[in-house]
Structures are given as C-alpha cells and as structure tokens.
Amino acid sequence: GAVVSQHPSWVICKSGTSVKIECRSLDFQATTMFWYRQFPKQSLMLMATSNEGSKATYEQGVEKDKFLINHASLTLSTLTVTSAHPEDSSFYICSASGQSQNTGELFFGEGSRLTVL
Amino acid sequence: GENVEQHPSTLSVQEGDSAVIKCTYSDSASNYFPWYKQELGKGPQLIIDIRSNVGEKKDQRIAVTLNKTAKHFSLHITETQPEDSAVYFCAARGNAGNMLTFGGGTRLMVKP
C-alpha cells in the first residue's frame, strides 16, 4: 500500500509553546489529507480535512486558530498546535488519499504522540 | 451524518479460534467499508475493505461480509494468532468526499 510518513513520532513540550507535526505522502500525490486526534482507548476523531492549496475544513468543536493546518503541496500537510496546553496531549494521526489511489482508500501515518507539560 | 456502531468493545479468544467483530452504519448511501488494525502506539493499518457492490471479500485468514439491506458489516478472523492481538476499527464512507466515520474500536486479545 501507499506510504504516509509522520514526523515527529513523539514530542514533549512546555505549556504555551507551539508544536508542528508533518504528514508526508511518500509515493503518491495526496489531494486530500485528514487529521485525527485519538485519546487513550478511544476511537479516532476527525479534526479537519485539508485539500491542497485551499483552506482546511474543521469539524465542529475544533478551534481552527489553535490547530493550524497547512497543505501547501501535494505531498505535505502540517498541523501546528499553537499555545499548547496539557489538555492538548493526545495522539495525532494523519491520513491521505490521492487521485492515483483506488477510490476511497485512505492510508494512515504512524501517528505523533504529543505530551504537553 | 453517518454513525457507525461497533461491537464488541473487547474480545478475548483462544489461539486458533475465530473472532468476529460487527459494525452497523446509518447512512444507506455509504459505499465503502474498510477495516483497520491498530497496534499500540502506531497508526491504523488497512487490513481489508469492501465496497457496496459485493457481499463478501476474503484475504487469507481475514474476511469481511456486508449486508446492505440491514446496514451492517462484519470482520471475520479465522485461526487467530497472538500477533492478531490489537485494536480493530471499522469505518464507513458515504458520498461526501473521502471522509471516513469510524466505529468505536474492538480490542482483540488472542491468548496463546
């Protein structure tokens, strides 16, 4: 299957700082990328959908000014958690789909675990 | 919007036995149903999927069935092995782009 890479895989930061997570599609062009958040022992919750070259669409309850998403190229999307607080600690996962993939197949990154002290 | 329910939330089986996980969905327009396996600390990995134009799909020890009328689909794992232990998620996708709605997950434990 297609490869989606996330970086960093884990990060620890101080409260009030900002953290950027990168999501790359390594062997296909991702026209759409999705960002999820997953709390321990829970399912994946969609945060936002980003399409290359346009503004992200955020799910209800997700603060767009806090979770900045940039999808500047067909192989890279970034999620920036601004002014992070302990309650933002979570597992963040991206997924990507592209026109070259079988319709509907989504491939996930390995996830990024954020811990805010 | 779409709502996906998954049962059971936990499942413990003896090695070699079969495991079945069931999901129901609400949107009759949904047409794509993938299953993901998530190991601890990792992202979900697609293990099998089925589209609405077929009723069953099999890949070695894994099979998925779909009942469009009843709006439910199931994952079947035969001859389970300890390495099958993980959390499994079902998902459904409707006509609105590629957005998936996930079930709550099933923690499968295969005891040696």
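Note that the coordinates shown come from a computational prediction; the quantities given were computed from them, not determined experimentally.

Conventions adopted
- Residues numbered from 1 in each chain as written.
- Chains lettered and ligands numbered in written order.
- Predicted model: local features only at pLDDT ≥ 70, side-chain atom pairs only at ≥ 80, totals over all residues.
- Heavy atoms only, no water.
- Helix = DSSP H or I, 4+ residues; strand = E, 2+ residues; numbered from the N terminus.
- Rg over C-alpha atoms; globule rule 2.2 N^0.38 Å.
- Pairing = 2+ DSSP bridges.
- Axes fitted to C-alpha atoms, helices over the stretch in contact; angles between N-to-C directions.
- Contact = heavy atoms within 4.5 Å.
- Buried area = accessible area lost by both parts, 1.4 Å probe.
- Nonpolar A, V, L, I, M, F, W, Y, C, P; charged D, E, K, R; others polar.
- Core = buried A, V, L, I, M, F, W, Y, C linked by side-chain atoms within 4.5 Å.
- Buried < 20%, exposed > 50% of the residue type's maximum accessible area, 1.4 Å probe, protein only.
- Disulfide = S-S within 2.5 Å.

Draft legend 1. The overall build of chain B, seen in detail. Helix and strand content of chain B: 0 helices and 11 strands. Along chain B, helices and strands appear, N-terminal first, in the series β-β-β-β-β-β-β-β-β-β-β. The C-alpha radius of gyration of chain B comes to 13 Å, within 12% of the 13 Å expected for a compact globule of 112 residues. Oriented by its inertia axes, the alpha-carbon framework of chain B measures out at about 40 × 30 × 20 Å.

Draft legend 2. Broad picture of the sheet that holds strand β6 (residues 56–59) of chain B. All names here are of chain B. Pairing is antiparallel in the open sheet, where 5 strands are placed in the order β1-β3-β8-β7-β6. The two strands at the open ends of the sheet, each matched to only one other strand, are β1 (4–7) and β6. Adjacent strand axes in the sheet meet at a mean angle of 15°, parallel and antiparallel pairs treated alike. Bridge analysis of β6 against strand β7 (residues 62–67) gives 4 bridges, and the strand direction is antiparallel. Residue pairing across strands places Asp59 opposite Ile62, the latter belonging to β7.

Draft legend 3. Summary view of the interface of chain A and chain B. Residue-level contacts link 21 residues of chain A with 20 residues of chain B. Interface area, chain A with chain B, both sides summed: about 1,600 Å², of which 55% is carbon and sulfur. Of all the elements in the fold, those that place two or more residues in the side of chain A that touches chain B are β4 (32–38) and β9 (90–97) of chain A. Counted by class, the side of chain A that touches chain B contains 8 nonpolar, 8 polar and 5 charged residues.

Draft legend 4. The arrangement of the nonpolar core in detail. Formed by 25 residues in total, the largest nonpolar core has its most connected members in Val4, Trp35, Phe67, Leu79, Tyr92 and Leu114 of chain A. Of all the elements in the fold, those that place two or more residues in this core are β2 (10–13), β3 (19–25), β4, β5 (45–51), β7 (67–73), β8 (76–81), β9 and β11 (112–116) of chain A. Counting 23 residues, the second-largest nonpolar core is a separate cluster that includes Trp35, Ile62, Leu75 and Val110 of chain B.

Draft legend 5. Main features of the state of the cysteines. Under the counting rule described, the total for this entry stands at 2 disulfides over all chains. Here Cys23 of chain A is linked by a disulfide to Cys94 of chain A, with a sulfur-sulfur distance of 1.9 Å. Disulfide Cys23 of chain A to Cys94 of chain A: torsion about the S-S bond roughly 80°, handedness right-handed. On the criterion of sequence distance, the pair formed by Cys23 of chain A in strand β3 and Cys94 of chain A in strand β9 is long-range, its members being 71 residues apart. On the basis of relative accessible area, Cys23 of chain A is assigned to the buried category, the value being 0%. Look at Cys94 of chain A and you get buried, because its relative accessible area is 0%. The disulfide partner of Cys23 of chain B is Cys90 of chain B, and the gap between their sulfur atoms is 1.9 Å.

Draft legend 6. Representation of the sheet that holds β3 of chain A in the model. Residues and elements named next belong to chain A. If you trace the 4 strands from one edge of the open sheet to the other, you get β1-β3-β8-β7, paired in antiparallel fashion. Edge positions in the sheet fall to β1 (4–7) and β7, since each has one partner strand and no second. Put simply, the sheet's adjacent strands are angled 15° from each other on average, direction ignored. Relative to β8, β7 is paired through 5 bridges, and the arrangement is antiparallel. Paired with Ile69 across the bridge in β8 is Leu79.

All quantities given are derived from atomic positions and should not be read as evidence of function.
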